[in-house]
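Below are the chains, spelled out letter by letter.
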Amino acid sequence: MIAVNTDGKIMVRRCLVTFKPFRIFVVGIGFFSLCFLMTSLGGQFSSKRLGDSPFTIRTEVLGGPESRGVLRKISDMLEVVMKRVDALSKMGNISDSRRLDELSSAINRFQPAGLVERIQAIAQNVSNMAEKVEQILQHSLTAGRVRDGITGQCEIPKDPRFPDCPSKVEWMRARWTSDPCYAFYGVDGSDCSFLIYLSEVEWFCPRLAWRNHTSPPTYKPQDKRQAAFRTDIAALLEQVGTGKESLSFMKRRIRRLASQWGTAAHRLDHKLRNPWRQQRKILVHVGFLTEESGDVFSPKVLKGGPLGEMVQWADILTALYVLGHNLKISISVKELQGFLGVPPGRGSCPLTGPLPFDLIYTDYHGMQQMKQHMGLSLKKHKCHIRVIDTFGTEPAYNHEEYATLHGYRTNWGYWNLNSKQYMTMFPHTPDNSFMGFVSEELNETEKADIQRNKVNNMAVVYGKEPSMWKPQGKEKFLQILHRHMEIHGTVYYEAQRPPEVPAFVKNHGLLPQQELQQLLRKAKLFIGFGFPYEGPAPLEAIANGCIFLQPRFRPPHSSLNHEFFRGKPTSREVSSQHPYAEQYIGKPHVITVDFNNSQEFDSAIREIMRTKVKPYLPYEYTCEGMLERVHAYIQHQDFCAPTVPFTPTNFSKSLPGVRRSPFLLLPDAAGLAWDPNVTAPPSWPPLSALRLLVSEEGQSCTDKCQRRGLICEPAFFRFINNKEALSRLEVQCEGVESEMNHIFPAFSVSRRECGLQKEPLLFSCAGLNSKYRRLCPCRDSRKGQVALCRDCL
């Protein structure tokens with residue numbers, strides 16, 4: 001507001017500015033001129049008409065001859081006045097009164113008849129209009145306040161139930177314009193709008209008393225539909241889309257294996273005996289293929305780049321589709337936003353409605369993109385997410401606070417998920433779920449043909465990129481191999497630049513999948529150089545009747561001594577190029593030796609040439625095995641249901657008045673099992689599979705269970721994390737403490753200290769400590785399907 005005092009001073013807000021009479025006159029001329037210009041250029045405001053806005057332009061008057069004439073006259077007058085002002089300002093010895101006389105004379109000589117009166121009339125009309133607009137706005141604001149129950153400025157509540165409310169309001173005051181999504185939800189810069197948003201859209205403040213407290217609209221759950229197996233993949237191929245070489249590769253793979261998926265669907269349907277399966281709404285967001293993540297894979301598909309991730313994603317899409325679920329596929333952030341219903345803006349606000357999917361399969365790139373665009377909704381809905389994670393994420397790296405405090409923080413992990421929500425390519429980390437992929441399965445006729453046509457002295461090298469052949473030391477064992485076998489390679493190269501491989505290697509260049517299969521069906525040996533780690537190619541070679549020869553790592557490779565694993569959210573030690581092949585397949589199909597020991601290497605080659613093997617493919621890597629596994633996960637894994645704390649006394653009474661431990665000592669006194677006479681609480685896997693063992697000092701539960709032919713099962717930790725289990729094992733404890741520690745539950749024999757786990761997200765099969773023996777929950781497994789126990793289907 002501008003106020004004029006009697007002493008000739010003008011108050012502009014809080015700044016005091018002194019104007020002399022001469023300057024007041026000039027300012028007045030400028031003001032009237034501005035009003036005239038606005039009226040001339042913008043049209044004249046008509047008398048009230050039904051439906052006219054106060055700012056409606058009368059087009060029939062705009063720019064008329066009369067207005068243009070008046071505009072020219074006042075323009076000429078102002079030019080003369082400004083020249084006279086400029087001349088008078090240079091005359092320092094002339095008084096203000098004389099200056100006013102000079103200006104008045106100039107204006108009177110130039111002024112057309114009635115010009116000043118017209119300007120004054122226009123200014124009066126503008127002033128009247130402004131008053132009316134102000135009255136309309138005040139009336140609207142008053143009506144809104146009455147309607148909403150506002151009687152004054154909203155006060156920031158100090159409610160102990162909402163301790164973050166004041167700080168959140170302060171943040172909104174400073175940053176509410178940083179994202180258009182706040183305005184989308186009605187935030188207008190007032191404290192009242194902040195409180196409405198923070199209490200009704202987010203949950204940091206209590207609801208305002210004058211707001212309508214009717215319950216938010218309930219979303220009627222849609223009717224459950226039965227999932228039916230599919231064998232026609234045409235619709236899936238259309239959904240995958242085009243435009244990227246990576247997508248073309250995935251579609252070619254889906255087509256090639258379509259008949260095997262169809263056969264596997266019929267087998268599994270028969271095995272399950274047609275139980276009712278609910279159709280789930282599933283979003284698959286392949287984050288690493290989005291342009292926003294760089295999509296470094298697509299340009300390398302035709303140049304020997306890594307294909308393992310695309311192999312796995314193609315098989316995941318096919319498995320979900322064949323199982324009969326309602327599938328949406330996203331390979332861009334724009335598609336992701338559209339499918340999730342993200343409000344317009346930069347992703348700071350929650351979703352506008354309920355999550356439209358039962359499950360979301362994505363990767364680490366996708367997780368980061370969802371964090372950017374889902375706001376607080378990611379925390380609310382993350383129990384629906386499954387992260388495809390090639391190498392696995394251990395609980396110590398997954399728990400953000402614990403990882404930060406104890407040095408486990410990396411560029412990946414730290415999402416505070418249930419560790420089973422991470423899904424790996426191989427079953428190397430029982431803390432995570434094993435997703436896997438598939439290899440082509442051969443019938444008996446094809447297997448017989450392969451055995452007849454094997455070339456006994458033919459070897460194929462595992463390595464499509466020239467860089468895999470370069471490190472020093474490989475020439476030595478290649479020379480030994482060359483003495484016994486003909487060596488073939490599939491190294492990518494451009495015509496003008498042949499690859500740098502030894503002259504005795506017959507290089508076929510990068511082969512299409514079908515031609516590579518034919519090469520593997522002839523070869524006797526498939527040999528790895530140590531990299532890439534844990535890819536799908538060795539399983540494909542073994543399935544085509546090859547023996548896989550790989551190097552043993554001494555010491556094992558890990559994040560502590562190898563650049564490739566540095567920064568990955570796992571402390572796993574990799575003892576060979578392909579630990580799964582070494583551990584779960586082994587001889588005669590897989591031979592692991594020290595490539596730096598020439599004698600050992602030479603003996604291995606001679607043994608391979610004498611050995612005859614049949615094509616072999618583990619059941620869990622067949623189409624049926626993957627369908628079975630994914631079906632079990634979808635039906636039984638529920639990370640959104642609240643976990644009921646387990647107290648042994650709740651389940652220890654088999655007869656009234658008789659206390660009975662839920663744990664039963666195993667016959668060899670090596671551990672505990674669940675007592676079949678005690679009612680077991682709901683669990684998947686079922687508690688009938690539980691075998692509680694005690695590790696040695698410095699031994700992980702993964703290793704302890706494995707040595708007994710069992711699998712560590714993280715879902716069972718909550719049932720053994722109690723004093724009852726320690727007592728039944730006759731562990732001597734001077735005290736039992738609960739704390740956040742990824743090796744607990746555990747105990748120290750020398751110190752007689754016992755520790756229980758305080759944070760369920762830190763239950764870990766992988767953790768170990770040289771001073772503690774761990775309580776390890778193990779289980780059995782189905783033949784050829786380590787991810788599932790015998791009763792898990």
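As annotated in an unreviewed UniProt entry, the protein chain is alpha-1,6-mannosyl-glycoprotein 6-beta-N-acetylglucosaminyltransferase from Lepisosteus oculatus. The record held by UniProt for the protein chain lists under Subcellular location (unreviewed entry) the comment "Golgi apparatus membrane". Its UniProt record, at the heading Pathway (unreviewed entry), says of the protein chain: "Protein modification; protein glycosylation."

Colleague: Give me the lowdown on the overall build of the protein chain, citing residues and values where you can.
Modeller: When helices and strands are counted, the protein chain shows 26 helices and 24 strands. When burial is assessed residue by residue, the protein chain has 47% of its 793 residues classed as buried. A sequence separation of at least 24 residues applies to 69% of the contacts in the protein chain between residues at least 6 apart.

Colleague: Describe the packing of helix 18 (residues 474-484) against helix 22 (residues 598-610), naming the residues involved and giving the relevant values.
Modeller: Between helix 18 and helix 22, the shortest axis-to-axis distance is 10 Å and the interhelical angle comes to 30 degrees. The orientation of helix 18 relative to helix 22 falls into the category roughly parallel. In the crossing of helix 18 with helix 22, the sense of the turn from one axis to the other is right-handed. Within the contact between the two elements, helix 18 uses K476, F477, I480, L481, R483 and H484 and helix 22 uses S598, F601, D602, I605, R606 and M609. Split into classes, the residues belonging to the contact of helix 18 with helix 22 amount to six nonpolar, two polar and four charged.

Colleague: Which residues make up helix 10 (residues 258-272), and what are the values?
Modeller: With 15 residues, helix 10 extends 21 Å between its outermost C-alpha atoms, agreeing within 8% with the 21 Å of an ideal straight helix rising 1.5 Å per residue. As for helix 10, its buried residues are in contact with helix 9 (245-256), helix 11 (308-322) and helix 23 (623-636). Positive backbone phi, approximately 60 degrees, marks R273, located one or two places after helix 10.

Colleague: Please give an account of the side chain of S559 that cites residues and values.
Modeller: As for its placement among the helices and strands, S559 is situated in the loop between strand 14 (547-557) and strand 15 (574-576). Excluding its chain neighbours within four sequence positions, the residues that come into contact with S559 are F565, R566 and T570.

Colleague: Now, about the packing of aromatic side chains: what can you tell me, with residues and values included?
Modeller: Under the defined criterion, the tally for this structure stands at 39 aromatic pairs. Ring centres of Y364 and W412 lie 5.4 Å apart, and the angle between their planes is 40 degrees; this geometry places the pair in the tilted category. Taken together, the residues Y364 in helix 13 (residues 364-374) and W412 in the loop between helix 16 (400-406) and strand 8 (422-424) connect sequence positions 48 residues apart. Residue class for Y364 comes out buried when judged on its relative accessible area of 10%.

Colleague: Just give me the short version of the pattern of salt bridges, but keep the residues and values in it.
Modeller: Considering all chains together, one arrives at 26 salt bridges under this definition. With its nearest N and O atoms 2.4 Å apart, the salt bridge here joins E170 to R173. Placement of the pair is E170 and R173 together in helix 5 (residues 165-175), with a separation of three residues, close to one helical turn. When its relative accessible area of 36% is taken as the criterion, R173 is described as partly exposed. Each member of the salt-bridge network shares a partner with another, and the members are R267, K271, E624, E628 and R782.

Colleague: Please give an account of the sheet that holds strand 7 (residues 385-388) that cites residues and values.
Modeller: In space, the six strands of this open sheet follow the order 5-4-6-7-8-9, with parallel pairing throughout. The open sheet is flanked by strand 5 (326-330) and strand 9 (433-434), the only strands paired with a single partner.

Colleague: If you had to explain the state of the cysteines to someone new, which residues and values would you point to?
Modeller: Counted by the stated rule, this structure contains nine disulfides. Two residues share a disulfide in this structure: C165 and C205, whose sulfurs sit 2.0 Å from each other. When the S-S torsion is 105 degrees, as for the bridge of C165 with C205, the disulfide is right-handed. Of this pair, C165 sits in helix 5 while C205 sits in the loop between helix 7 (191-200) and helix 8 (234-240); the two residues are 40 residues apart in sequence, bridging distant segments of the chain. The exposure class of C165 is buried, given its relative accessible area of 0%.

Colleague: Explain helix 19 (residues 513-522) to me, and be specific about the residues and the numbers.
Modeller: Note that an α-helix has 3.6 residues per turn; residues three or four places apart therefore point the same way. Every buried residue of helix 19 is accounted for by L516, Q517, L519, L520 and R521. Where helix 19 is buried, its residues meet helix 17 (444-453), strand 10 (458-462), strand 11 (486-489), strand 13 (525-528) and helix 20 (537-543).

Colleague: Explain the pairing of strand 23 (residues 753-757) to me, using residue names and the numbers behind them.
Modeller: Across the five residues of strand 23, four count as buried, placing the element largely inside the fold. In this structure, strand 22 (residues 746-748) lies alongside strand 23, joined through three bridges in antiparallel fashion. Bridging from a neighbouring strand, F747 pairs with C754 of strand 23. Linking two consecutive strands that pair antiparallel, namely strand 22 and strand 23, is a turn of four residues; a positive phi of about 55 degrees is found at R752 within it.

Colleague: Before we move on, could you go through the confidence of the model for the protein chain and cite the residues and values that matter?
Modeller: Residues at a pLDDT of 70 or more form 77% of the protein chain, whose mean pLDDT is 83. Between residues 31-68, whose pLDDT stays under 50, and residues either more than four places distant or in other chains, the model counts 42 contacts.

Colleague: Requested: an account of the environment of L336, with residues and values cited.
Modeller: Note on placement: L336 falls in helix 12 (residues 333-340). When the C-alpha atoms of L336 and G287 are compared, they prove to be 9.6 Å apart, with 49 residues separating the residues in sequence.

Rules and cut-offs
- Residues numbered from 1 in each chain as written.
- Predicted model: local features only at pLDDT ≥ 70, side-chain atom pairs only at ≥ 80, totals over all residues.
- Heavy atoms only, no water.
- UniProt positions renumbered as here; feature names shortened; annotations may be inferred.
- Helix = DSSP H or I, 4+ residues; strand = E, 2+ residues; numbered from the N terminus.
- Buried < 20%, exposed > 50% of the residue type's maximum accessible area, 1.4 Å probe, protein only.
- Contact = heavy atoms within 4.5 Å.
- Axes fitted to C-alpha atoms, helices over the stretch in contact; angles between N-to-C directions.
- Parallel < 35°, antiparallel > 145°, perpendicular 65-115°, else oblique.
- Left-handed = near helix turned anticlockwise from the far one by under 90°.
- Nonpolar A, V, L, I, M, F, W, Y, C, P; charged D, E, K, R; others polar.
- Expected span 1.5 Å × (residues − 1).
- Phe/Tyr/Trp six-rings, centres within 6.5 Å; stacked < 30°, edge-to-face > 60°.
- Salt bridge = Lys/Arg side-chain N within 4 Å of Asp/Glu carboxyl O.
- Pairing = 2+ DSSP bridges.
- Disulfide = S-S within 2.5 Å.
- pLDDT = per-residue confidence, 0-100.

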